[in-house]
Amino acid sequence: MAMDSNDRDYTNGEITVFWQPSKCIHATTCYRELIEVFNPRNRPWVNMDGAPTDRIIEIINKCPTDALTYRWNDSEKNKLLENLNDEKISQALSYEKSQTDTPVMVQVMKDGPYVVQGNFTIIGSTGNKLKSMSMTSFCRCGVSNNMPFCDGTHRKAGFTSEK
Amino acid sequence: MMELIGRLVLRVKNNFMEKSKTEFIIIKNGPLHVKGNFTLKGTDGKLIDVVDEVYLCRCGASKNKPFCDGSHKTHGVND
Ligand code: FES
Ligand code: FES
């Protein structure tokens, strides 16, 4: 994977977690589900001792982008993972092909953005077509500095969606 | 007969919707207008029943989240 100077990795001896901030769409899944490991208030923000390996993997698999990925430190186990990934990629490709008539999924995240997956077009208020995408998150807290997209500011702003 | 025509029109419309692009229209200092073929899932992960289009709150102040209720007029969006 292409390394960016902001990319980080963290290990617990068993697996290594890779963090690519440029790919994060702030879906908030990681820290909402496993704050013991993924705590944006802490430095480093990933604490590999916060939960068992299988729980960390479970949450990484829920990350909607490649912002969080992992590898086993044991090369034998990694081979299994690679096979699994190949399977996932071919599944994703055939999914993409069939996607023209699959509804776009809009997921409202608690205290966070709208996470959108599928084939869609974003149009500005003047009717100008901004871009076509297949995955993004739109701000719903009102204060992102990268409108209309979520840039994670909802957390600092203390946005609560439950009232 | 009328009913039949009604259904036919509905069919044609649904077919069109399926093939047409799903659009997210950003309304300046207002909501997110979503139209086309999409599903909406709430914070509890359950599907929310909607028709072909919705206006989703972008200002954070709606009392009827995730939908826009007009509160943006006094609250504003960082657009
Ligand atoms: S919802 Fe994330 S910055 Fe507004
Ligand atoms: S955008 Fe209309 S109430 Fe928030």
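Read on for a plain summary of the structure.

Parameters at a glance
Residues numbered from 1 in each chain as written. Chains lettered and ligands numbered in written order. Predicted model: local features only at pLDDT ≥ 70, side-chain atom pairs only at ≥ 80, totals over all residues. Heavy atoms only, no water. Contact = heavy atoms within 4.5 Å. Buried area = accessible area lost by both parts, 1.4 Å probe. Salt bridge = Lys/Arg side-chain N within 4 Å of Asp/Glu carboxyl O. Polar contact = N/O pair within 3.5 Å; in protein donor to acceptor, adjacent residues only side chain to side chain. Helix = DSSP H or I, 4+ residues; strand = E, 2+ residues; numbered from the N terminus. Nonpolar A, V, L, I, M, F, W, Y, C, P; charged D, E, K, R; others polar. Pairing = 2+ DSSP bridges. Core = buried A, V, L, I, M, F, W, Y, C linked by side-chain atoms within 4.5 Å. Buried < 20%, exposed > 50% of the residue type's maximum accessible area, 1.4 Å probe, protein only. Axes fitted to C-alpha atoms, helices over the stretch in contact; angles between N-to-C directions.

Taken together, the contact pairs 35 residues of chain A with 29 residues of chain B. Taking both sides of the interface into account, the surface hidden between chain A and chain B amounts to around 2,500 Å²; carbon and sulfur atoms contribute 57%. The largest per-residue losses of area from chain A upon contact with chain B belong to Val106(A), Tyr114(A) and Ile123(A), which jointly make up 20% of the total buried on that side. On inspection of chain A and its partner chain B, the count reaches 0 salt bridges. Here chain A is connected to chain B by 18 residue pairs in polar contact (both at pLDDT 80 or more). Considering every element that reaches the side of chain A that touches chain B, the biggest residue donor is strand E5 (residues 114-123) of chain A, with 7 residues. For the side of chain A that touches chain B, a count of residues per class yields 18 nonpolar, 12 polar and 5 charged. Direction of pairing for E5(A) relative to strand E1 (residues 22-26) of chain B: parallel, over a ladder of 4 bridges.

Nonpolar side chains tend to gather and get buried jointly when the protein is soluble and globular. One finds Val106(A), Tyr114(A), Phe138(A), Phe24(B), Leu32(B) and Leu56(B) to be the most contacted residues of the largest nonpolar core, which totals 25 residues. Among the elements that make up this core, the one with the highest residue count is E5(A) (4 residues). Setting aside its immediate chain neighbours within four residues, Phe24(B) contacts Val104(A), Val106(A), Val116(A), Phe120(A), Thr121(A), Ile122(A), Ile123(A), Phe138(A), Leu32(B), His33(B) and Val34(B). In this structure, Ile15(A), Trp45(A), Ile60(A) and Trp72(A) belong to the second largest nonpolar core, which totals 22 residues.

Once that is clear, we can look at the side chain of His33(B). All names here are of chain B. Tracing the chain through its elements places His 33 in strand E2 (residues 32-35). On the basis of relative accessibility, which here comes to 10%, the residue His 33 falls in the buried class. A polar side-chain atom of His 33 sits 2.5 Å from a polar atom in the side chain of Glu 53. If we ignore the near neighbours within four places in the chain, the residues touching His 33 are Glu 23, Phe 24, Ile 25, Ile 27, Glu 53, Val 54 and Tyr 55.

What follows concerns the sheet that holds strand E2 (residues 15-19) of chain A. All names here are of chain A. Taking strand neighbours across the sheet as the criterion, the 3 strands line up as E1-E2-E3 in an open arrangement whose pairing is antiparallel. Either end of the sheet is taken by a strand with one partner, and the two such strands are strand E1 (8-11) and strand E3 (68-72). The average undirected angle you get between the axes of adjacent strands in this sheet is 25°. When E1 meets E2, the two strands line up antiparallel, connected through 4 bridges. Bridge pairing links Arg 8 to Trp 19 in E2. With respect to the sheet, helix H2 (residues 53-62) is in contact with E2 and E3, its orientation differing from that of E3 by roughly 140°.

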